[in-house]
Amino acid sequence: MKYSIFALVLTVFLLWLTLRINETFEAIFAYVSILTVGIFHGSNDISLIRYIKRGSTTNIIKYLVFYVLLVLFTCLIFIKFPLVALIVFVAFSCYHFGEQHFHAQLLLQTIKSQILYVAYGILIFGLLFYFNQDDTSQVIYELTQVNLSEVTYQAFLILGIVLTAVFGFLNRKNFKVEVEFFKEIFLLVLFALLFKLASLLWAFAIYFIVWHSMPSLRDQIESLHGQINSRTIIKYIKSSLIYWLISVIGLVIVYYISQGLELQFITLFFAFLAAITIPHVIVMFFLNKK
Ligand SMILES: CC1=C(/C=C/C(C)=C/C=C/C(C)=C/C=O)C(C)(C)CCC1
């Protein structure tokens with residue numbers, strides 16, 4: 001079965017599940033899935049760098065040091081200039097989500113297709129934030145001390161819709177033939193419904209796991225090992241385990257820090273996600289260019 005059909009069926013099932021569980025279960029499922037599959041899909045960046053740089057004589061330790069410094073630098077920017085850091089994080093994330101959605105559906109990677117990636121990411125985050133305004137505003141306020149008004153969310157969503165429509169149209173000759181326009185629209189309506197019914201964290205988790213992390217894991221295993229089977233999956237898990245463990249330990253430390261601060265855990269959770277995500281987005285950018 002094509003992955004996108006599986007993801008579609010799974011999303012409909014999760015929509016049904018959302019109607020049946022309460023917010024506590026949503027939060028438990030969200031944290032567990034983000035901490036396992038979500039963090040795992042970003043835990044193999046060093047192997048991916050080795051793959052991207054194969055043939056190069058540069059020592060991999062150099063990349064590891066650079067990677068760790070980038071994580072620390074992101075943390076520092078979040079502390080010193082939180083608004084700038086948040087805007088950069090959301091912009092990178094929009095590109096990254098859009099890239100995962102479209103890169104295999106387009107024939108060529110051009111400036112127009114890259115703007116489509118950003119546009120689609122804006123549309124997805126626009127729907128997520130628009131339908132969960134209060135919770136989003138609270139997290140953003142705790143991170144940056146900035147209070148966003150309803151108009152900002154409307155404008156962000158409209159920007160996503162317009163840019164996706166315009167750049168989807170401008171890329172029309174660049175799409176592979178099998179791209180189904182109506183399936184894409186149906187998906188967006190499904191996301192809108194899901195994001196409206198689910199809590200912010202659960203809605204984010206469903207998109208992040210089903211539509212981003214799982215297809216990204218599949219692409220990464222294919223790039224690194226040529227094919228997907230139990231042997232290559234185990235190989236991938238083995239080489240990711242140590243980085244995954246370091247990330248989870250980092251998050252446990254963040255949890256204990258949050259106990260002493262007057263912040264919600266979810267706020268620090270997103271800040272933590274940002275710190276480990278920005279270097280990952282850069283690695284995936286170069287992997288997809290290959
Ligand atoms: C959902 C959400 C936010 C953004 C989260 C983002 C942008 C996550 C990106 C994750 C990525 C790109 C992971 C990559 O593998 C904000 C703005 C903190 C506000 C609160 C809710």
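What you see is a predicted model; the values in this text were computed from it and never measured.

A.B. asks: In this structure, what is going on with the overall build of the protein? I would like to understand it.
C.D. replies: When you go through the protein residue by residue, the secondary structure sums to 12 helices and zero strands. The order of helices and strands in the protein, counted from the N terminus, is α-α-α-α-α-α-α-α-α-α-α-α. Since a compact globule built from 290 residues should have a radius of gyration of about 19 Å, the 19 Å found for the protein is in line with a globular shape. Overall, the protein is about 50 × 50 × 35 Å in size when its C-alpha atoms are taken along their principal axes. For the protein, buried positions account for 49% of its 290 residues. Contacts in the protein between residues at least 24 apart in sequence constitute 79% of all its contacts with a sequence separation of at least 6. Surface summary for the protein: the accessible area is close to 15,200 Å², and the carbon and sulfur share equals 72%. Distance between charge centres in the protein, computed from 19 positive and 14 negative side chains, equals 17 Å.

A.B. asks: Help me understand the site of the ligand, please; the structure alone is not making it clear to me.
C.D. replies: Surveying the vicinity of the ligand reveals 18 residues, the closest of which are His41, Phe89, Ser93, Phe208 and Thr277. At a separation of 3.2 Å, an oxygen atom of the ligand approaches a polar side-chain atom of His41. Summarising the interface, the protein chains cover 99% of the accessible area of the ligand, which totals 540 Å² for the free molecule. For the shell around the ligand, the secondary-structure elements that each account for two or more residues are α5 (82-102), α6 (111-130), α7 (133-144), α10 (200-225) and α12 (265-289).

A.B. asks: Sorry, what's going on with the UniProt feature "transmembrane region" (unreviewed entry) in the protein here?
C.D. replies: Look at the UniProt record and you will see "transmembrane region" (unreviewed entry) annotated at residues 30-52, 64-91, 111-131, 151-170, 185-210, 241-258 and 264-287. Taken end to end, residues 30-52 comprises 83% helix and 0% strand; its first and last C-alpha atoms sit 32 Å apart.

A.B. asks: Any chance you could explain the pattern of salt bridges here in plain terms?
C.D. replies: It is possible for side chains of opposite charge to pair when their charged atoms get near one another. If you walk through the whole model with that rule in mind, you get one salt bridge. Among the ionic pairs, Arg218 bridges to Asp219, the shortest N-O distance being 3.4 Å.

A.B. asks: I would appreciate a short explanation of the packing of helix α2 (residues 23-40) against helix α11 (residues 230-260) in the present structure.
C.D. replies: The geometry of a pair of packed helices is captured by two quantities: the angle between their axes and the separation between those axes. At their nearest, the axes of α2 and α11 sit 9 Å apart, and the two run at 130° to each other. If you check the angle between α2 and α11, you find them oblique. Seen along the crossing, α2 lies across α11 with a hand that is right-handed. Mapping the contact onto sequence places Leu35, Thr36, Ile39 and Phe40 in α2 and Tyr236, Ile237, Ser240, Leu241, Trp244, Ser247, Val248 and Leu251 in α11. Broken down by class, the residue content of the contact of α2 with α11 amounts to nine nonpolar, three polar and no charged.

A.B. asks: So what exactly am I meant to see when it comes to the environment of Gly42 here?
C.D. replies: Position of Gly42 relative to the elements: it lies in the loop between α2 and α3 (45-52). A residue is classified by how much of its surface remains accessible, and Gly42, at 22% relative accessible area, is partly exposed. Put simply, Gly42 and Ile233 are 191 residues apart on the chain and 15 Å apart in space, counted from C-alpha to C-alpha. Beyond its immediate chain neighbours, meaning those up to four positions away, Gly42 contacts Tyr67 and His280.

A.B. asks: Would you mind showing me how to read the environment of Thr18 here?
C.D. replies: Tracing the sequence through the fold places Thr18 in helix α1 (residues 3-18). Residues Thr18 and Val283 lie 265 residues apart in sequence; the distance between their C-alpha atoms is 33 Å. When neighbours within four sequence positions are excluded, Thr18 is seen to be in contact with Glu26, Leu194, Leu197, Ala198, Trp202 and Ile206. Among the polar contacts listed, one links the side chain of Thr18 to the backbone oxygen of Leu14, at a separation of 2.6 Å.

A.B. asks: For this particular structure, what's the right way to read the nonpolar core?
C.D. replies: For soluble globular proteins, the rule of thumb is that nonpolar side chains tend to be buried together. Counting 74 residues, the largest nonpolar core has Phe191, Phe195, Trp202 and Phe204 as the members making the most contacts within it. If one sorts the elements of this core by residue count, α10 sits on top with 14 residues. Each residue touching Phe195, except ones within four places of it in the same chain, is listed here: Ile124, Leu127, Leu128, Phe131, Asn132, Ala203 and Tyr207. Core analysis: the next-biggest nonpolar cluster, separate from the first, contains 11 residues, Ile46, Leu48, Ala275 and Leu287 among them.

The rules we used
- Residues numbered from 1 in each chain as written.
- Predicted model: local features only at pLDDT ≥ 70, side-chain atom pairs only at ≥ 80, totals over all residues.
- Heavy atoms only, no water.
- Helix = DSSP H or I, 4+ residues; strand = E, 2+ residues; numbered from the N terminus.
- Rg over C-alpha atoms; globule rule 2.2 N^0.38 Å.
- Buried < 20%, exposed > 50% of the residue type's maximum accessible area, 1.4 Å probe, protein only.
- Contact = heavy atoms within 4.5 Å.
- Areas by Shrake-Rupley, 256 points an atom, 1.4 Å probe, with all protein chains shown as cover.
- Lys, Arg positive; Asp, Glu negative; His and termini not counted.
- Charge placed at Lys NZ, Arg CZ, Asp CG, Glu CD.
- Near = heavy atom within 4 Å.
- Polar contact = N/O pair within 3.5 Å; in protein donor to acceptor, adjacent residues only side chain to side chain.
- UniProt positions renumbered as here; feature names shortened; annotations may be inferred.
- Salt bridge = Lys/Arg side-chain N within 4 Å of Asp/Glu carboxyl O.
- Axes fitted to C-alpha atoms, helices over the stretch in contact; angles between N-to-C directions.
- Parallel < 35°, antiparallel > 145°, perpendicular 65-115°, else oblique.
- Left-handed = near helix turned anticlockwise from the far one by under 90°.
- Nonpolar A, V, L, I, M, F, W, Y, C, P; charged D, E, K, R; others polar.
- Core = buried A, V, L, I, M, F, W, Y, C linked by side-chain atoms within 4.5 Å.

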